[in-house]
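So you can see what is in the structure, the chains are spelled out below.
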Amino acid sequence: MSRAQLTRTGILRMALGGGSGGADADPLLPAEGGEDRPAPFLLRALRIALVVCLYWFTSIAMVFLNKYLLDSPSLRLDAPLFVTFFQCALTATLCLGLSLGAACGPPCSGLPALRLDLKVSRSVLPLSIIFIGMVTSNNLCLKYVGVAFYNVGRSLTTVFNVLLSYLLLKQTTSLYALLACGVIIGGFWLGVDQEGAEGTLSWTGIFFGILASLCVSLNAIYTKKVLPVVDGSIWRLTFYNNVNACVLFFPLMMLLGEFRTLYHFDKLGSPSFWGVMMLGGVFGFAIGYVTGLQIKFTSPLTHNVSGTAKACAQTVLAVIYFEETKSFLWWTSNLMVLGGSFAYTWVKGLEMRKVQEDPNVKNSERNETGV
């Protein structure tokens, strides 16, 4: 997943360790307990399968579209900040448009009204800076590494989650979860080694992949601190984050000379180019919604498992699509990262279930386990 996998509305709920429902349940998602009786098993299974397929399609398509926009030899557009800026602007516009449609009734009637409050915008600004670092480093990582290696290149998010939870929140992690992190680190370094052996290693891409992993972890932690400023509304936070990002991207694009690049870009007036840009932005916005849907109809644990399986499918598709040949050790590195991520998710899920079932567990222990 590029930026949208971790930057849009529904994904933040997972990053904060939340499930579904609650005071800030997504108004675009079906409300829990809305049915008098549970749907038949076959209908529920079909609904879950459709939601998972929708998540997979949206996430994988978004990564391939962003790769085309960022690093296509036929497009030749060296303006990654502009691509990111456009997607943030489109997201803010879509949020505002959905909010204006709230007066039209279902399904938008539960959306909060959005208006720009400069005081709130300033309060959200520290998180917005982290947000900019996250979406920019995600896109720059994707620009410099192949889609097949993209998952491994930014696979250290889980490791940073554990490290920052201890340094900033003083929360410890179990031995089994640490062992899973060790497997992820081993897979990451093996992948870097194999990319070097094949002559396709980009240290710039690796740097931005590590930076993206760090920013994703920081974004999850600081989101929890900033949410009260926007009354706990993920939609308001998404709106303010993207508006702030649009403002801050302007001096960055000017500093890096991207306006000059755009001036000389030969496809700036091409409808097909803007069509792909719009499509990438829509997919980037939609990933938060379908992520929320998947969590809603399954669980945060199942969502993580689905995301791990999706990353595996994405890697295989990328190798086939770009007609690449990879060594056995290269595939081993991917399996180590995916296996370590799955093991960490499974261990944390078991620990959280144990905490929920044991009424004698102290609140501090609940917090430690729920990271």
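Cut-offs applied
- Residues numbered from 1 in each chain as written.
- Predicted model: local features only at pLDDT ≥ 70, side-chain atom pairs only at ≥ 80, totals over all residues.
- Heavy atoms only, no water.
- UniProt positions renumbered as here; feature names shortened; annotations may be inferred.
- Axes fitted to C-alpha atoms, helices over the stretch in contact; angles between N-to-C directions.
- Helix = DSSP H or I, 4+ residues; strand = E, 2+ residues; numbered from the N terminus.
- Parallel < 35°, antiparallel > 145°, perpendicular 65-115°, else oblique.
- Left-handed = near helix turned anticlockwise from the far one by under 90°.
- Nonpolar A, V, L, I, M, F, W, Y, C, P; charged D, E, K, R; others polar.
- pLDDT = per-residue confidence, 0-100.
- Contact = heavy atoms within 4.5 Å.
- Buried < 20%, exposed > 50% of the residue type's maximum accessible area, 1.4 Å probe, protein only.

- Naming follows an unreviewed UniProt entry, where the protein chain appears as FUCT1 protein of Pluvianellus socialis.
- Looking at the Subcellular location (unreviewed entry) heading of the UniProt record, one finds this comment for the protein chain: "Membrane".

### What to know about the packing of helix α8 (residues 175–197) against helix α14 (residues 328–357)
Then step 1. At a closest axis distance of 8 Å, the pairing of α8 and α14 adopts a crossing angle of 160 degrees. By the angle between their axes, α8 is roughly antiparallel relative to α14. Crossing angle aside, the handedness with which α8 passes α14 is left-handed.
Then step 2. Residue composition of the contact of α8 with α14, by class: 15 nonpolar, 8 polar and 2 charged.

### What about the UniProt feature "transmembrane region" (unreviewed entry) in the protein chain?
Then step 1. What UniProt calls "transmembrane region" (unreviewed entry) maps, in this numbering, to residues 45–69, 81–103, 124–146, 152–169, 176–192, 204–222, 234–253 and 273–293.
Then step 2. Segment residues 45–69 splits into 100% helix and 0% strand. End C-alpha atoms: 36 Å apart.
Then step 3. What you have in residues 124–146 is 91% helix and 0% strand, and the ends, taken at the C-alpha atoms, are 33 Å apart.

### Some thoughts on the confidence of the model for the protein chain
Then step 1. Per-residue pLDDT for the protein chain has a mean of 83; in total, 82% of the residues score no lower than 70.
Then step 2. Confidence over residues 1–36 falls short of pLDDT 50; this stretch has 116 contacts with residues more than four positions distant or in other chains.
Then step 3. When the criterion is pLDDT under 50, residues 362–371 qualifies, and its contacts beyond four places in sequence or with other chains add up to 19 contacts.

### A word on unusual backbone geometry
Then step 1. A positive phi angle, close to 55 degrees, is found at R76, a residue other than glycine.
Then step 2. By the element assignment, R76 lies in the loop between α3 (41–71) and α4 (80–100).
Then step 3. Among the residues examined, R76 registers a relative accessible area of 56% and is labelled exposed.
Then step 4. Of note, the phi angle at D231 is positive, near 60 degrees, even though the residue is not glycine.
Then step 5. With respect to the helices and strands, D231 occurs in the loop between α9 (203–226) and α10 (234–255).
Then step 6. Here D231 falls in the exposed class, since its relative accessible area comes to 65%.

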